Amino acid sequence: MDWNVIARNLGFMAGGLVLTFQLAALAIGGGLLLGILLGLCRVSSVSWIYYPSTAYVHFFRSQPLILVIFWFYFLVPILVGRPLGAFPSTVVAFICFEAAYFAEIVRGGLQSVSRGQTMAAYACGLRYSQVQLHVVIPQALRNMVPALTTQAVVIFQDTSLAYVIGLREFLRRVNLVDTREVRSVELYCFAGLVYLVLCSMGSILARRLEQRRGAAPA
Amino acid sequence: MTAKRIFTSYSLVAVLFTLFGMSNALWAESVLEKIEKSGKVNIGYREGAVPFGYMNDKGEWVGFDMDLGTELVKALEAKFNKRIEHTRTPMNPKNRIPLVANGTIDAGIGATTITLEREGAIDFSLPYFLTGTKLLVAKGSPIRDYRGLAGKKVGVGSGSTANIKGLQKAIDSKMIDPPCEMVLFEDHTKGFLGLQQGKVDAYFTDEAMLAGMRAKAPKPDDYEIVGGFLTYEPYGIILPPGDSKWRDFVNATLIGMFKDGTFEKTYNKWFGPGGQLILPMPEEYRVMLKVLSFPD
Amino acid sequence: MLHYDFEWSVLWRYPYGGMFIQGIWTTVHLSLFSWMIAILLGLTVCLCRMTPLRAARFLGGAYVELFRNIPLLVQLFFWYFAAPSLLPRELELWLYGNVKDLGYLVAVIALGTYTAARVSEAIRSGLLAVPRGQYRAAHSTGLSGGQTYRHVVLPYALRISWPLLTTEFLTCFKNSALAMTIGVLETTGTAAYVDSFTFHGLETTTAASCVYLATSGAVILTMSRIEKRMRIPGLIRRGYN
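Residues numbered from 1 in each chain as written. Chains lettered and ligands numbered in written order. Predicted model: local features only at pLDDT ≥ 70, side-chain atom pairs only at ≥ 80, totals over all residues.

A. Molecular detail of the overall build of chain C. Assigned secondary structure in chain C consists of nine helices and zero strands. Traced from its N-terminal end to its C-terminal end, chain C shows the element sequence α-α-α-α-α-α-α-α-α. If one aligns the C-alpha atoms of chain C with their principal axes, the spans along those axes are about 70 × 50 × 30 Å. In chain C, which comprises 241 residues, the share counted as buried stands at 43%. Taking contacts inside chain C between residues at least 6 apart in sequence as the whole, the part at least 24 apart equals 75%. (Helix = DSSP H or I, 4+ residues; strand = E, 2+ residues; numbered from the N terminus. Buried ≥ 20, exposed ≤ 12 C-beta atoms within 10 Å, placed from the backbone. Contact = placed C-beta atoms within 7 Å.)

What follows is the structure in structure tokens.
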């Protein structure tokens, strides 16, 4: 065991963590926006809105993320005739992929608001947009927060998959150090620990939120 | 969820997919014009091929191929008389051809063997390096040549198709009998890691890279290169297909470097005495460079 | 669109056709073996978390936290690159020398142990969803602890967990694609591998995508059929009101 290997390469590996956070932030932000949109489409009763969004969600949920990343990096440029570059294509892949998962959370949240609420709001004379904006979405969002936080943790972990196209995020850098130093045990224990600490913080936050929601009168 | 809904959704996906596939967008202009307009060039390099492109112990991405790339960018700057931004994209044996074919990188300088089959998908520059395949084993290993591989585990780079085919030919011709088991690695440095850990009994690839990995190992003397050349491997720069303007420019730059001695200087920096590893230029390589030094 | 000649025959032409069949088959048994480990281990971990034994509860909880908060890819690399070195050197070398396909074995273990943590959570949420009144009612009718679980709690809990378990199985199935990073030629890996020989990535990747799409469609349909058949009249599923 030679734990110095971590100290020696700490700067290099920490540089990857910056990219990991950037990727996670963009994927969560973009994915959530697209996901809310898709989630609203998924509860729509208009068939030309409902079916395409359902197809989208089902399609992306059936694919492994690694394959989606390949699609956007290697094949979409052939189809659209313009290369995107490693980082942008990964970001787009993550947004498209994670949006499908966010959409289902959003749909669940919207459906958790009871029909009575909507009917009462309509009875008060509110329009569709007003009902959604003032009655349904605020309640749904509150119900969704724990699930959204959990999904954010999952996305943070998913960013490690950017490894496969050579993007130098945290795991890739750990891996590069390993091929040179041949210190797999120390390096992967370290990588695991870093992810464990960061993701545990997220998981604990999600649990706190869940408990608070459980305690609040429904 | 009913069966009908799922079916409807999926058939919609299929329709969208087809529409997407049929959309004929723009045709690519010459890379050279694109570089002039955007002031940017994107070149792919290896990160697991010592000393062509690898991470050194300071975490910097360096190598022989990267120095050639820098010379190419200098030539572009001289041609267009302005600063050209040089983007370096990592590539490995498996993804280098798709990356050039889809336009993500404008050129790939990454120890790529020129093969006729690859010519079908992309274009190559003139050859700039000549080596051949050998085996890297632990010192004192019973494996001395290809015959010794019978029944053993051999690491190869997945995507190093020239290597894989060479080895497969040796197996098919009963030179290696019983056949060896091929273990695939993403890149050669990962394969060498496997060899150091004992996952494979030998690693098979081009001698220049074997020598490079050995030189950079924590304990170089524990490993040795054995066997004769199973195949010859001339390296070329990979370029997008059907873009003769760009290819001519890259070739002219290479020939210029062969003639004015820049190439030999760069070679000696990495392979010469005092370089990263010592690999004197074989006679046939020297002849190849001389042949390629076309007059102006 | 850039210039691209479609050549779908790479999907069945010799020798690539055979590679694809083998790749799909590898995905299937890789995910099934992992799933078996996940179910057995997940059930054990879940039971540990439900016992009154403090130490067992702690261990169960720690397992779930550990395996859920580290990315699968890191776990996979740990098992592949690092774990064998933790064994005594002779055993490590024996492992490398005698195991035919180490990458595959590692992938099964990594995927199985990772999925186990998620399976354990799915089963636990089912068990927790059974109202306390059910336990009390069962006890008061004279059932023993084991009988209560066997006849009252588990039938309830499994039905509640069923959709979650289906999702987890599909996740496991999709996650098996990560095995390509350690050289296992499953569906995604084969698509990339054939691409490197034929330069027809568009066709090979489309084929891989279709395999995943078709499989998850088939699994969802079958599972929802079973779910419907098993439904207890009057038991309202949670989350749908």
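Once the structure has been displayed, the description carries forward.
B. Expanded view of the overall build of chain B. Helices and strands together make up the secondary structure of chain B, namely eleven helices and twelve strands. Taken along its principal axes, the extent of the C-alpha atoms in chain B is 65 × 60 × 40 Å. Per-residue burial for chain B yields a buried fraction of 48% across its 296 residues. Counting contacts in chain B only where the partners sit at least 6 residues apart, residues at least 24 apart contribute 77% of the total.

C. Just unusual backbone geometry, in detail. Residue Pro51 of chain B is bonded to the preceding Val50 of chain B through a cis peptide linkage, with omega at -5 degrees. By the element assignment, Pro51 of chain B lies in the loop between strand S2 (48-49) and strand S3 (53-55). The residue after Tyr14 of chain C, namely Pro15 of chain C, is reached through a cis peptide bond having omega -5 degrees. Tracing the sequence through the fold places Pro15 of chain C in the segment before helix H1 (16-50).

D. Quick peek at the interface of chain C and chain A. Taken together, the contact between chain C and chain A spans 33 residues of the former and 33 residues of the latter. For the side of chain C that touches chain A, the per-class residue count stands at 19 nonpolar, twelve polar and two charged. (Nonpolar A, V, L, I, M, F, W, Y, C, P; charged D, E, K, R; others polar.)

E. Seen up close, the domain arrangement of chain B. Residue and element names in this part refer to chain B. By the assigned domains, chain B splits into domain 1 (31-130 + 234-292) and domain 2 (132-232). Between the C-alpha centres of domain 1 and domain 2 the distance comes to 25 Å. In this assembly, 16 residues from domain 1 lie in contact with 19 residues from domain 2. For the side of domain 1 that touches domain 2, the secondary structure elements donating two or more residues are S2 and strand S6 (107-113). In the side of domain 1 that touches domain 2, the residues fall into ten nonpolar, five polar and one charged. (Domains from an automatic or database assignment.)

F. Region of interest: the confidence of the model for chain C. In this model, chain C carries a mean pLDDT of 90, and residues with pLDDT of at least 70 account for 95%. The ipTM, which scores confidence in the relative placement of chains, is 0.90 for this predicted complex, and the corresponding pTM is 0.90. (pLDDT = per-residue confidence, 0-100.)

G. Geometry of the nonpolar core. Formed by 195 residues in total, the largest nonpolar core has its most connected members in Ile69 of chain A, Ala202 of chain B together with Leu76 and Ala107 of chain C. Here this core takes 15 residues from helix H5 (residues 86-112) of chain A, the largest share from any one element. Summarising the domain contributions, this core has at least three residues from each of domain 1 (31-130 + 234-292) and domain 2 (132-232) of chain B. Here Ala107 of chain C is in contact with Leu30, Leu76, Ala179, Ile182 and Val184 of chain C, once residues within four sequence places are set aside. (Core = buried A, V, L, I, M, F, W, Y, C linked by C-beta atoms within 7 Å.)

H. The environment of Tyr203 of chain B, seen in detail. Residues and elements named next belong to chain B. If you trace the backbone, Tyr203 turns up in strand S10 (residues 202-206). Residues Tyr203 and Gly157, spaced 46 residues apart in sequence, show a C-alpha to C-alpha distance of 9.0 Å. Contact partners of Tyr203, with chain neighbours within four places excluded, come to Leu136, Gly155, Gly191, Phe192 and Leu195.

I. Local environment of the confidence of the model for chain B. Residue and element names in this part refer to chain B. Looking at chain B as a whole, its pLDDT mean stands at 89, while 91% of the residues score no less than 70. At the level of individual helices and strands, chain B shows its lowest average pLDDT in helix H1 (residues 3-22), which scores 62, and its highest in helix H3 (residues 64-80), which scores 96. Overall, residues 23-27 carries pLDDT values under 50, and its contacts beyond four positions in sequence, including any with other chains, amount to six contacts.

J. Representation of helix H8 (residues 187-198) of chain C within the structure. The end-to-end C-alpha separation of H8 of chain C is 16 Å, in line with the 16 Å expected for twelve residues at 1.5 Å each. Where H8 of chain C is buried, its residues contact helix H4 (65-80) of chain A, helix H4 (96-101) and helix H6 (161-172) of chain B together with H1 and helix H9 (201-230) of chain C. Directly after H8 of chain C, the chain includes Phe199 of chain C, whose backbone phi takes a positive value near 60 degrees. (Expected span 1.5 Å × (residues − 1).)

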